[in-house]
Amino acid sequence: MNEKSIKQVLGFWVLRLCMGFVALILVVVFYDIITKGAPAVTWTFLTQSPREGMTEGGIFPAIVGTFLVTMITAILAVPLGMGSAIYLNEYAPDNFMTRFIRMSIRNLSGVPSIVYGLFGVALFVEMCHFGTSIISAGCTLGLMTLPLTITASEEALKAVPRSYREGALALGATKWQSIRTNVLPYAIPGMLTGAILGLSRAAGETAPILFTGAAFFLPDLPNSLLSQFMALPYHLYIMSTQHHNITLVRPIAYGTALVLLMLIFLVNISAIILRYRLRQMKKE
Amino acid sequence: MPNMKPKIKIKDFNFYYGASQVLKRISMDIQPTHVTAIIGPSGCGKSTLLRCLNRMNDLIPSSRPEGKIEIDGQDINAPSIDVVDLRKRVGMVFQKPNPFPKSIFDNVAYGLRVNGIKDNRLIEKRVEASLKGSALWEEAKDRLKENALNLSGGQQQRLCVARALAIEPEVLLMDEPASALDPIATAKIEELIVELKKKYTIVIVTHNMQQAARISDSTAFLMQGDLVEYGKTSDIFTKPKQKMTEEYITGRFG
């Protein structure tokens, strides 16, 4: 073997090892959570409230809480994000101002989530008088998700060929008609996928809901959007660090982790299915 | 040049992209029901000139027209002109076939629908007439509901012609319509152009000199933004007045 092909083989192996290492970590994490969490996940676990000082019972209120908060996040982040992306990509002139705004949006997605949490307290809990509630937490997560949905939506819009826009305009369509009938239909799958992935990340966040509405323990389900709530990631955090008997409730913590993981998995898979469906529809 | 009333009058027209001037004092009259070819080396501004005729260049930021382009005596850059209306009157076929990823029928119906025509029977009639007009009807009539992207490149380009015809324009602009097509598809497009000039004023940009010679009545030769020569195609190709024109059409440069 000459030097060139030895280098090539070596190169391949280095890359292969990198890949293998990443896959290994993933497998170990999954194995750990599934083997330790699966025994705890029963029907009772999924449908009942915690009992006996959170050493027994289930995580139903946390599932409901996470679901409700994510809904609020979606209502805020998806339409706003898509709308801003359409404006930025289709209408905004390319000048210093828009470049500055775009850069700020990119930077916002790098802001630590605990900072969003503090900001949520100031804006929603205090200033808007929402108190610590589902709506405060949902809005905080919504703000955190916005940069992601805007960026993903803009990428999806950029992927639509210019010729679709020009072709429509050349036929006497107005700019809005060309966007609505000849750009959005082809960008929507990508926009939605981005939005859903952003939401699944928001659903798993702890820091932003920590001060804005998540509760340690609530015996009842929330009865309005202004109630406090239990959430899966926060419950997991409590069960692993704050509980008076951490070793005793370890299985519950693992069960919660598994449920959270599965939920996020489910959401991501639904994003993939949705995108596939929409693509098929387009091909007809 | 026959002495008809010109359809399009271009007078002392300049065009700028930012600080650079891409068209310099262009003046030419374009005859109705004529094929006018614009030839010239890459980057000479021929596509820019074509795209000024339906104001497609409006989309390019920091571009600026100066001077006059009149269609039927109306200044198309005047503030009172609605650019959407203008583009209905001045149809365009692009260099690369760009059918929308919709059915063949919906592609042709697109221009009608965005212009507010809702009567389905009228739409059907116009779609059929347009597809016949672009010589695609026989191939497409049994597959109108099929995605237009399944058509061959040449068929796609004829579909784009049909799409432009559907809104009954007066002028048809074609930007190298055959450059992405094989010889057989090219021949079909050329036949089509000759057929269409009976009803429409056609302006075509082409790289292919034989094509200009075959199908056009008048030819304009552009070079670095200057209109070097403009006249009857037979004159331009047999006895050009300018040395530069002669050198270009005999293939000495470009």
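Structure shown above.
Residues numbered from 1 in each chain as written. Chains lettered and ligands numbered in written order. Predicted model: local features only at pLDDT ≥ 70, side-chain atom pairs only at ≥ 80, totals over all residues. Heavy atoms only, no water.

(A) Quick look at the overall build of chain B. For chain B, the helix and strand inventory stands at ten helices and ten strands. In terms of overall dimensions, chain B is globule-like: its C-alpha atoms have a radius of gyration of 18 Å, near the 18 Å expected for 254 residues. Its C-alpha atoms put chain B at 55 × 45 × 35 Å along the principal axes. Residue burial in chain B is summarised as follows: out of 254 residues, 54% are buried. Taking contacts inside chain B between residues at least 6 apart in sequence as the whole, the part at least 24 apart equals 68%. (Helix = DSSP H or I, 4+ residues; strand = E, 2+ residues; numbered from the N terminus. Rg over C-alpha atoms; globule rule 2.2 N^0.38 Å. Buried < 20%, exposed > 50% of the residue type's maximum accessible area, 1.4 Å probe, protein only. Contact = heavy atoms within 4.5 Å.)

(B) Just the nonpolar core, in detail. By size, the foremost hydrophobic cluster in this structure holds 32 residues, and its most contacted members are B:Ile8 and B:Ile10. Beyond its immediate sequence surroundings of up to four residues, B:Ile10 is in contact with B:Ile26, B:Ser27, B:Met28, B:Asp29, B:Ile30, B:Leu49, B:Leu53, B:Lys68 and B:Ile69. Membership of the second largest hydrophobic core comes to 30 residues, among which are A:Phe45, A:Ile209, A:Ala214 and A:Ala231. (Core = buried A, V, L, I, M, F, W, Y, C linked by side-chain atoms within 4.5 Å.)

(C) Representation of the layout of surface pockets. For the largest pocket, the calculated volume is near 590 Å³. What lines the largest pocket is a set of 18 residues, and nearest its centre among them are A:Asn89, A:Glu90, A:Arg162, A:Lys175 and B:Leu59. Sorting the residues of the lining of the largest pocket by element identifies helix 3 (60-91), helix 4 (96-108), helix 7 (162-170) and helix 8 (175-182) of chain A as the ones contributing at least two each. Its residues assigned to classes, the lining of the largest pocket comprises seven nonpolar, three polar and eight charged. Approximately 300 Å³ is the volume found for the second largest pocket. As for the second largest pocket, its lining consists of 13 residues, of which A:Phe67, A:Thr70, A:Met71, A:Ala203 and A:Val267 are closest to the centre. When residues of the lining of the second largest pocket are traced back to their parent elements, those giving at least two are helix 3, helix 9 (184-203) and helix 12 (250-283) of chain A. Ranked by residues supplied to the lining of the second largest pocket, first place goes to helix 3 of chain A with six residues. Of the residues in the lining of the second largest pocket, the class split is ten nonpolar, three polar and no charged. (1 Å grid on protein atoms, 1.4 Å probe; cavity = no way out; pocket = protein on both sides within 12 Å on 5 of 7 lines; lining within 4 Å. Points joined across faces, edges and corners; volume = space filled by probe spheres on them. Nonpolar A, V, L, I, M, F, W, Y, C, P; charged D, E, K, R; others polar.)

(D) Representation of the environment of B:Ile202 in the model. All names here are of chain B. Mapped onto the elements, Ile 202 comes out in strand 8 (residues 201-205). On a C-alpha basis, the gap between Ile 202 and Val 171 in space is 5.8 Å, while along the polypeptide they are 31 residues apart. Ignoring sequence-local partners within four residues, the contact set of Ile 202 consists of His 34, Val 35, Thr 36, Leu 172, Met 174, Ile 193, Leu 196 and Lys 197.

(E) Broad picture of the pattern of salt bridges. Using the criterion set out here, one finds 31 salt bridges over all chains in the structure. With a shortest N-O distance of 3.4 Å, A:Arg201 and A:Glu205 are connected by a salt bridge. The partner of B:Arg55 in a salt bridge is B:Asp58, with the nearest N and O atoms 3.0 Å apart. B:Arg55 sits in the buried class, given a relative accessible area of 15%. When its relative accessible area of 41% is taken as the criterion, B:Asp58 is described as partly exposed. Connected via shared salt-bridge partners are B:Lys7, B:Asp72, B:Arg89 and B:Glu170. (Salt bridge = Lys/Arg side-chain N within 4 Å of Asp/Glu carboxyl O.)

(F) How the structure looks around the interface of chain B and chain A. Each partner contributes to the interface: chain B provides 23 residues, whereas chain A provides 20 residues. Between chain B and chain A the total buried area reaches about 1,800 Å² when both faces are included, carbon and sulfur atoms providing 58% of it. For chain B, the biggest contributors to the area lost against chain A are B:Pro101, B:Tyr110 and B:Val114; these three give 28% of the whole. Where chain B packs against chain A, one counts one salt bridge. In this structure, the salt-bridge partner of A:Glu166 is B:Arg51, at a minimum N-O distance of 2.8 Å. Our count for the chain B to chain A interface comes out at eight residue pairs in polar contact (both at pLDDT 80 or more). For the side of chain B that touches chain A, the elements supplying multiple residues, two or more each, are helix 2 (83-89), strand 6 (90-93), helix 3 (104-114) and helix 6 (153-166) of chain B. In terms of residue class, the side of chain B that touches chain A is built from 13 nonpolar, five polar and five charged. (Buried area = accessible area lost by both parts, 1.4 Å probe. Polar contact = N/O pair within 3.5 Å; in protein donor to acceptor, adjacent residues only side chain to side chain.)

(G) Spotlight on the packing of helix 3 of chain B against helix 6 of chain B. All names here are of chain B. For the pair helix 3 and helix 6, interaxial distance at closest approach is 7 Å and the crossing angle is 30°. With respect to helix 6, the axis of helix 3 lies roughly parallel. Of the two elements, helix 3 crosses helix 6, and the hand of that crossing is right-handed. In this structure, helix 3 uses Ile 104, Asn 107, Val 108 and Leu 112 to contact helix 6, whose residues at the interface are Leu 159, Ala 162, Arg 163 and Ala 166. When its residues are assigned to classes, the contact of helix 3 with helix 6 shows six nonpolar, one polar and one charged. (Axes fitted to C-alpha atoms, helices over the stretch in contact; angles between N-to-C directions. Parallel < 35°, antiparallel > 145°, perpendicular 65-115°, else oblique. Left-handed = near helix turned anticlockwise from the far one by under 90°.)

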